[in-house]
Amino acid sequence: MARIDASELLPAERLRTGVLEGEITQLHRGDRHASEGDTFAIEGTTFEVVDVRERRLGELTDDDARAEGSPDLESYRRRIERTHDLEWDDDDTAVLHRFERSSE
């Protein structure tokens, strides 16, 4: 367990704001950026990483998309393709990082 910089896991200000407002509770990244038990702070509020695991993009659901701030999986897919200039492939993998407000 380590204290990590929020910007390492959440590189965009939009993401950090969404986490702080409770709209984003997880993020898939191409690589592992944290471990379970790690904590990070945004504007004095501490969050704990509670789940980190590799997943196939084809496993993602509408619930996953909503947890990452998109209304549904199709919107999430279009955002990922546009942001990363790639074509979605259900067999590609990404690392899930799920977090919760900490009681610290």
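Above this note sits the structure.
A brief structural summary. (Residues numbered from 1 in each chain as written. Predicted model: local features only at pLDDT ≥ 70, side-chain atom pairs only at ≥ 80, totals over all residues. Heavy atoms only, no water.)

So, about helix H4 (residues 73-84). For H4, with twelve residues, the first-to-last C-alpha span of 16 Å sits near the 16 Å given by 1.5 Å per residue. All of the buried residues in H4 are Leu73, Ser75, Tyr76, Arg79 and Ile80. The buried residues of H4 occupy an angular sector of 155° when projected down its axis, which confines them to one face. Its buried side turned inward, H4 meets helix H2 (13-20), strand E1 (26-29) and helix H3 (62-67). (Helix = DSSP H or I, 4+ residues; strand = E, 2+ residues; numbered from the N terminus. Expected span 1.5 Å × (residues − 1). Buried < 20%, exposed > 50% of the residue type's maximum accessible area, 1.4 Å probe, protein only. Arc of directions from axis to C-beta. Contact = heavy atoms within 4.5 Å.)

Before going further, it helps to examine the nonpolar core. Buried together is how nonpolar side chains tend to be arranged in soluble globular proteins. Residues Leu9, Leu10, Val19, Phe40, Ile42, Val49 and Phe99 are the most contacted members of the largest nonpolar core, which totals 16 residues. Within the residue set of this core, elements represented by two or more residues are helix H1 (6-9), H2, strand E2 (39-42), strand E3 (45-56) and strand E4 (93-101). Considering every element that reaches this core, the biggest residue donor is E3, with three residues. Grouped together as the second largest cluster of nonpolar side chains are eight residues, Ala65, Leu73, Tyr76 and Ile80 included. (Core = buried A, V, L, I, M, F, W, Y, C linked by side-chain atoms within 4.5 Å.)

Let us look at the packing of aromatic side chains. In total, this model carries three aromatic pairs according to the counting rule given. Between the aromatic rings of Phe40 and Phe99, the centroid separation amounts to 5.6 Å while the plane-to-plane angle is 80°, which identifies the pairing as edge-to-face. Of the two residues, Phe40 is situated in strand E2 and Phe99 in strand E4; the sequence distance between them amounts to 59 residues. When sorted by exposure, Phe40 lands in the same class as Phe99, which is buried. (Phe/Tyr/Trp six-rings, centres within 6.5 Å; stacked < 30°, edge-to-face > 60°.)

Here we take up H2. Taken together, the buried positions of H2 are Leu15, Arg16, Gly18 and Val19. Across the axial projection of H2, the buried residues extend over an arc of 160°, all falling on one side. Summarising the contacts, the buried residues of H2 are in contact with H1, E1, E2, E3 and E4. Just beyond H2, the residue with positive phi is Gly22, at close to 80°.

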